[in-house]
Amino acid sequence: MKKITASVLALVLSSSVAMVSAQAKKGDTLKQTDIEGVVVTALGIKREKKSLGYASQEVKAEALTDGTTKTGNVASLLSGKAAGVQINTNNNFGGSTNIVIRGYKQMGGNGGSPLIVIDGSPISNGFVSGTFDLGNFLSDLNPEDIASMNILKGAAASALYGERALNGVIVIETKKGRSSKKDNSWGVTLSSDVNVGFIDKSTFPEYQSRYGAGYGAYYGPNQDSYFNVGPGGLPQVPFSEDASYGGEFNPNLQVWQWDSFNKYSNNYGKPHAWLAAKNGPITFFNNPITYSNSITLEKGDAKNNFMLSYNNFDQSGLMPNSKINKNTFSARVNHQLTDKLSASVYTTLTVQDTRGRNATGYSDNLVTGFRQWWQTNVDLSQLKDVYFNSYRATGKYDNGTWNRTSANDGYPLYWNNPYFQVYQNYQSDSRTRSFSYAQVKYDVSKNFGILGKVSFDYYNMLMEQRLADGSLTQAFGLSGNNAPSGYWRQNMTGSETNFDLIANYKFEITDKLNVQGVVGANLRKNGFESITASTEGGLIVPGIYSIENSMGETLDPVEVYQRSQTGSGYASASFDYDGSIFVDATYRYDKSSNLPAGNNAYGYPSITGAVLLSNYIKQEWLSFMKVRANYAEVGSSTGNYRLINTYNKNGAFHNEGIYLMPTVLNNPNLKPERSKEVEVGLEMQFFKNRLGFDIAAYKTKTFDQIMNLPVSNATGYNQITINAGQIDNKGIEVQFNATPFKSKAFTWDINANWAKNENKLVSLHPDAKVLRLAAYQGGVSLNAVEGEAYGVIYGTDYVYTNGQPTISPTTGRYLRTAESNKEIGNITPDWTGGIRNTFTFFGGDLSAGFLIDMQHGGSTYSTDMYYGLATGLYAETAVGGYRTTGVVWPGVNPNGQTNTTATISPEGYGNVDGYRRMPNARFVYDASYVKLREANITYRLPKSLLASTFIEEAKVSLVGRNLWIIHKNVPYADPEAGVGGGLGSRGNSIGILPTTRDIGVNVTFKF
């Protein structure tokens, strides 16, 4: 992969330079444009990018949305488009997209996500995950409202946001309503998209078709029998088993199978041929279809304008009975009240209903069954027929499972019928999200102005889970006790209100020296409430999902009520000397209610400098050259109520409440987390902007981390909250642009980015060197380990002899360590990158482009392979004599000689490969990938054809997303996909949905 990637990059760079140089000699007939332009920075302040002394990267709306299908989540559209920004999009229906800028900096929580700001006002981008991934809140934003996204990567860029800036900031500017018509009349834009997904088969198991149900020759009257004895003495499949390590398929062998005993099956009462299923689990999935329709009305000029938009997003998922319907309304008004007074108002409302999200993790996850515990003889079409036939016959859906307890007992032993699961035990949620701000600006003079602003971000969610009568009895509800049916619900609301008062100033000190900046204050109030309740012991009346319908006495609801407040003051000063030398300084002071008095007030400084060397080096070939450097400090407070302990109610006894001690000892002496960063950079453009780069190098030290460390249970607690630890990040980021060919008939543009981040946990605590972040199946864990990069995967490893894995000459099996604390992987990638090529023809009437997205390095542990290889699902478990003569594994015997012994007893499940005999290290894979992330072809009707119509612009685009995984190392899965948001987006491949290749059509008209 390294050689291929290096060769491609070398070819692109060398050809670009050669073609640009050749064309430059001929002369570029196009007028040179402003090189850097104006960008939106912290607090919504617009600055000339050339004056900035820190790294930022702007992604315009067209680069964000035009070349891809509609994903329903703005965050996912950043994949491969910004240097130093890691985007992980999982495959969960309506699931989270994780964003990490310049590496993991925090050990508490989930490593830290950047702050999201809309038009200068922060919004929540939290995510809700557990059994179901409810997505991150940035998905509530309508992509059609976005004008640009500017990524403030480092501390200096984001320091004005103080305690919220530790993980970077993404500044979103929304569109203003400006009419493109000469008479300033209303403009209307209609946009319609339809996308269809097709499963990428490389991300789903390739099942073996040679052997069927069972765990080996353990059944029937003989010790070598793969079947039980059924009616008439014919073989009967061990349908209670959930593996495919059984008898070899034989079309001449008639076998009693699960559907032979289900009265709603076409095979009821009769055996049938012992064959691999024609319709395997991949046929269970649908082709997801997405419809997105938008209308935008706009009117106005630069001073007074109005924009109103509506978007309907309707999506069906891979799973049957899964659907998202989302409606988003937005409006923005900018009005110049007088020559000095102006006002702006923006509001957006999203109403979303979702049904049938897929379960994540190990338990109660259908896809876990498909990938780990399955019988290759089970036909999905038969399961589907049984489910729907039962309703036709009785008016009630029957849980006709393949995993029967016995021939006479159809109760599921481990797994429900997958159709019963998705249609009866479905999850649902609804969310209402609103964000609004209003601001008034008064220009006291040409040098001084005052802005007052208030913003409000609010969401209200209802989440519901159902366990239908007839399901597999399982742990359910607040008690966690087994129940045959049940209902669970959670109501949750969150809000954030910001009050800002900002004074801006600008003065000319001399003819060549001027200064501008802001002085401001902010008050932020956050609130969160939730109430969770469930039935206990089952439902009285099946199918009535209500807490009142509880068979047993319900537990007290779990109620959460949280409030916090932060007050801040800040100031900035930006000096400009002769338009060539720039020096900026900022300072912010925060006071947080979540920290104790004496430690709850803290300040964050920054200083940056930039020099435009191209103003002093006058060369025709040099269009632009800037060097920059900065130093900054930022930090972070902590969550609510971590200073003193509170107690949880656990029922009552004789009218007296019973309360439980918490398991975490809170700390009344916490202090804020801190982060210090140094950054340097160089920007250059050549040949009238036809070739250029922007390179940044940085080093960040984050210390006084707020985390929970384990303590002895003898203390009465499991963990204690403390300040400890230091994580260092250092790295380099490169943005590259080139226009190898440019003429009136054809233009070719290249935009590439590459970033490498080195992460290290320098120290943890004198009494602890390892902090467990997450636990996986098989004793595997994700950890922060002193002296290592964040995200070490621990588990059992091979025993090595002379650097080679050691194999027992007696069993032919690998020897493995007894301890599960061996380092077997790390989730941190070596580098990430992306290359976008854009081609325009005939003055832009026809255009095409594609984006290659890459990651090199990082590890993921596949629980699916850990179990699935043992249970005999995958194709490699049925090759040649795998189950008869065994496999000679590569390695050495303890004496150092090359192994020649085949694995013994290969006919028994898991004796050759999988969790029973292999170390965890066997199932850790390199998470590198190269993807064709986006591709598009767009045709715009020529203006000449529209001249005599009321249509101003018309275009049609063919777009695609995730069209081709060019390279990967993880078998049968997408290395990018994870369980959920945060740390759940990396390191564990378990029961994830397959990736889809999405192809769509967009049609846009402007009137």
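Residues numbered from 1 in each chain as written. Predicted model: local features only at pLDDT ≥ 70, side-chain atom pairs only at ≥ 80, totals over all residues. Heavy atoms only, no water.

A.B. asks: Any chance you could explain the overall build of the protein here in plain terms?
C.D. replies: For the protein, the count of helices and strands is 8 helices and 49 strands. For a compact globule of 1007 residues, the expected C-alpha radius of gyration is about 30 Å, and the protein comes in at 31 Å, within 12% of that figure. Residues classed as buried in the protein amount to 56% of the 1007 residues present. Taking contacts inside the protein between residues at least 6 apart in sequence as the whole, the part at least 24 apart equals 70%. Surface accessibility of the protein: about 40800 Å² in total, with carbon and sulfur atoms responsible for 55%. Positive and negative side-chain charges of the protein, numbering 90 and 85 respectively, have mean locations separated by a distance of 5 Å. (Helix = DSSP H or I, 4+ residues; strand = E, 2+ residues; numbered from the N terminus. Rg over C-alpha atoms; globule rule 2.2 N^0.38 Å. Buried < 20%, exposed > 50% of the residue type's maximum accessible area, 1.4 Å probe, protein only. Contact = heavy atoms within 4.5 Å. Areas by Shrake-Rupley, 256 points an atom, 1.4 Å probe, with all protein chains shown as cover. Lys, Arg positive; Asp, Glu negative; His and termini not counted. Charge placed at Lys NZ, Arg CZ, Asp CG, Glu CD.)

A.B. asks: Help me understand the nonpolar core, please; the structure alone is not making it clear to me.
C.D. replies: Across soluble globular proteins, you tend to see nonpolar side chains buried next to one another. Counting 85 residues, the largest nonpolar core has Met-107, Phe-284, Phe-285, Met-319, Trp-374, Leu-383 and Leu-764 as the members making the most contacts within it. Of all the secondary structure elements, the ones that give two or more residues to this core are α4 (366-372), α5 (380-394), α6 (418-424), β33 (691-710), β34 (719-742), β37 (781-785), α7 (863-868) and β45 (924-926). Among the elements that line this core, the one with the most residues is α5, at 4 residues. Val-117, Tyr-161, Leu-451 and Ala-632 belong to the second-largest nonpolar core, a separate cluster that totals 25 residues. (Core = buried A, V, L, I, M, F, W, Y, C linked by side-chain atoms within 4.5 Å.)

A.B. asks: What is the right way to read the side chain of Asp-259 from this model?
C.D. replies: Mapped onto the elements of the fold, Asp-259 is located in the loop between β13 (250-255) and β14 (272-274). The charged side chain of Asp-259 is buried without a salt bridge, its nearest counter-charge being Lys-270 at 9.0 Å. Discounting chain neighbours no more than four positions away, the residues touching Asp-259 are Ser-265, Asn-267, Tyr-268, His-272 and Gln-382. (Salt bridge = Lys/Arg side-chain N within 4 Å of Asp/Glu carboxyl O.)

A.B. asks: What should I look at first to understand the packing of aromatic side chains in this one?
C.D. replies: Any pair of aromatic rings gets described here by the distance separating the centres and the angle formed by the planes. One pass over the full model with this rule turns up 57 aromatic pairs. Centroid distance Phe-284 to Tyr-419: 4.9 Å. Interplanar angle 70°. Geometry classified as edge-to-face. In this pair, Phe-284 is assigned in the loop between β14 and β15 (289-300) and Tyr-419 in helix α6, connecting sequence segments 135 residues apart. As far as burial versus exposure is concerned, Phe-284 and Tyr-419 are alike and both buried. An aromatic cluster of at least three residues, connected via ring pairs, comprises Phe-204, Tyr-207, Phe-284, Phe-285, Phe-370, Trp-374, Trp-402 and Tyr-419. The cationic tip of Lys-453 hangs over the ring face of Tyr-437; the distance from NZ or CZ to the ring centre is 4.5 Å. Above the face of the Tyr-929 ring, Lys-931 is positioned so that its terminal group lies 5.0 Å from the ring centre. (Phe/Tyr/Trp six-rings, centres within 6.5 Å; stacked < 30°, edge-to-face > 60°. Lys NZ or Arg CZ within 6 Å of the ring centre and 35° of its normal.)

A.B. asks: How should a nonpolar patch on the surface be read in this particular structure?
C.D. replies: Side chains of Val-194, Phe-198, Tyr-291, Ile-937, Tyr-939, Leu-941, Leu-945, Val-956, Leu-958, Ile-999 and Val-1001 sit close together on the surface and give an oily, nonpolar patch of about 900 Å² of accessible area. At the level of secondary structure, the elements contributing two or more residues to the nonpolar patch comprise β10 (187-199), β46 (929-940), β47 (953-968) and β49 (996-1006). Mapped onto the elements of the fold, Val-1001 is located in strand β49. Classification of Val-1001 by relative accessible area gives partly exposed; the value is 33%. (Patch = residues over 30% accessible without salt bridge, like charges linked within 9 Å, V, L, I, M, F, W, Y side chains within 5 Å.)

A.B. asks: Looking at this model, I keep getting lost on the pairing of strand β17 (residues 323-336). Mind explaining?
C.D. replies: For a regular strand, side chains alternate in direction, first toward one face of the sheet and then toward the other. Here strand β16 (residues 305-316) runs beside β17; their pairing, made up of 12 bridges, is antiparallel. Bridge pairing links Leu-308 to Ala-331 in β17. In this antiparallel pair of consecutive strands, β16 and β17, the connection spans 6 residues, and Asn-321 shows a positive phi of 65°. One ladder, built from 14 bridges, connects β17 with strand β18 (residues 341-355); its direction is antiparallel. Its bridge partner being in β18, Ile-324 is matched across the sheet by Thr-354. Between the antiparallel neighbours β17 and β18 lie 4 residues. (Pairing = 2+ DSSP bridges.)

A.B. asks: Please explain the sheet that holds strand β44 (residues 859-862) as it appears in this structure.
C.D. replies: Strand pairing in a sheet relies on backbone hydrogen bonds, with the paired strands running either antiparallel or parallel. One open sheet holds the 3 strands; their spatial order is β45-β44-β48, and the pairing between them is mixed. Looking at which strands have only one partner, the edges of the open sheet turn out to be β45 and β48 (988-989). Note: β44 against β48, 2 bridges, orientation parallel. Considered in β48, the bridge of Tyr-861 is made with Asn-988.

A.B. asks: Before we go on, may I ask you to explain unusual backbone geometry in this structure?
C.D. replies: Excluding glycine, most residues fall at negative phi; most peptide bonds, likewise, are trans. The backbone of Arg-102 sits at a positive phi, close to 55°, despite the residue not being glycine. Inspection of the secondary structure puts Arg-102 in the loop between β5 (97-101) and β6 (115-118). A residue is classified by how much of its surface remains accessible, and Arg-102, at 1% relative accessible area, is buried. A positive phi angle, close to 50°, is found at Asp-119, a residue other than glycine.

A.B. asks: Help me understand the pairing of strand β32 (residues 673-686) in this model?
C.D. replies: Burial runs high along β32: 10 of the 14 residues are buried. Sheet topology places strand β28 (residues 622-636) next to β32; 14 bridges connect them, and they run antiparallel. Its bridge partner being in β32, Ala-629 is matched across the sheet by Val-680. Here β32 runs beside β33; their pairing, made up of 13 bridges, is antiparallel. The partner of Glu-679 across the bridge, within β33, is Tyr-698. Connecting β32 to the next strand, β33, in antiparallel fashion are 4 residues, including Phe-687 with a positive phi near 50°.

A.B. asks: Teacher, can you tell me more about the sheet that holds strand β7 (residues 121-123) here?
C.D. replies: Taken together, the 5 strands give an open sheet; going across it, the order is β3-β8-β9-β6-β7, and neighbouring strands pair in mixed fashion. For this open sheet the edge positions go to β3 (56-60) and β7, each flanked by a neighbour on one side alone. When strand polarity is set aside, the average angle formed by the axes of neighbouring strands in this sheet is 25°. Where β6 and strand β9 (residues 169-174) come together, 4 bridges link them in parallel fashion. What sits directly across from Ile-118, in β9, is Ile-172. (Axes fitted to C-alpha atoms, helices over the stretch in contact; angles between N-to-C directions.)

A.B. asks: Would you explain the pattern of salt bridges in this entry?
C.D. replies: Scanning the model with the defined rule gives 44 salt bridges in all. Here Arg-674 makes a salt bridge to Glu-633, at a shortest N to O gap of 2.9 Å. On the criterion of sequence distance, the pair formed by Arg-674 in strand β32 and Glu-633 in strand β28 is long-range, its members being 41 residues apart. Here Glu-633 falls in the buried class, since its relative accessible area comes to 11%.

A.B. asks: What am I meant to see in the side chain of Asn-837 here?
C.D. replies: Here Asn-837 is to be found in strand β42 (residues 831-841). A polar atom in the side chain of Asn-837 sits 2.8 Å from the side chain of Trp-748. Apart from the residues lying within four places of it in its own chain, the contact partners of Asn-837 are Trp-748, Asp-749, Ile-750, Ala-848, Gly-849 and Phe-850. (Polar contact = N/O pair within 3.5 Å; in protein donor to acceptor, adjacent residues only side chain to side chain.)

A.B. asks: Would you explain α5 in this entry?
C.D. replies: In an α-helix, one turn spans 3.6 residues; hence positions three or four apart end up facing the same way. Here α5 is 15 residues long and its end C-alpha atoms lie 22 Å apart, about the 21 Å a rise of 1.5 Å per residue gives. Listed in full, the buried residues belonging to α5 are Leu-380, Gln-382, Leu-383, Val-386, Tyr-387 and Ser-390. On its buried face, α5 sits against α6. Backbone geometry just after α5 places Gly-395 at a positive phi near 80°. (Expected span 1.5 Å × (residues − 1).)

A.B. asks: Sorry, what's going on with the environment of Gly-269 here?
C.D. replies: Looking at the secondary structure, you find Gly-269 in the loop between β13 and β14. For Gly-269, a relative accessible area of 49% corresponds to the partly exposed category. As for Gly-269 and Trp-256, which are separated by 13 residues in sequence, their C-alpha atoms are 8.6 Å apart. Excluding anything up to four places from it in sequence, Gly-269 contacts Trp-256 and Ser-260.

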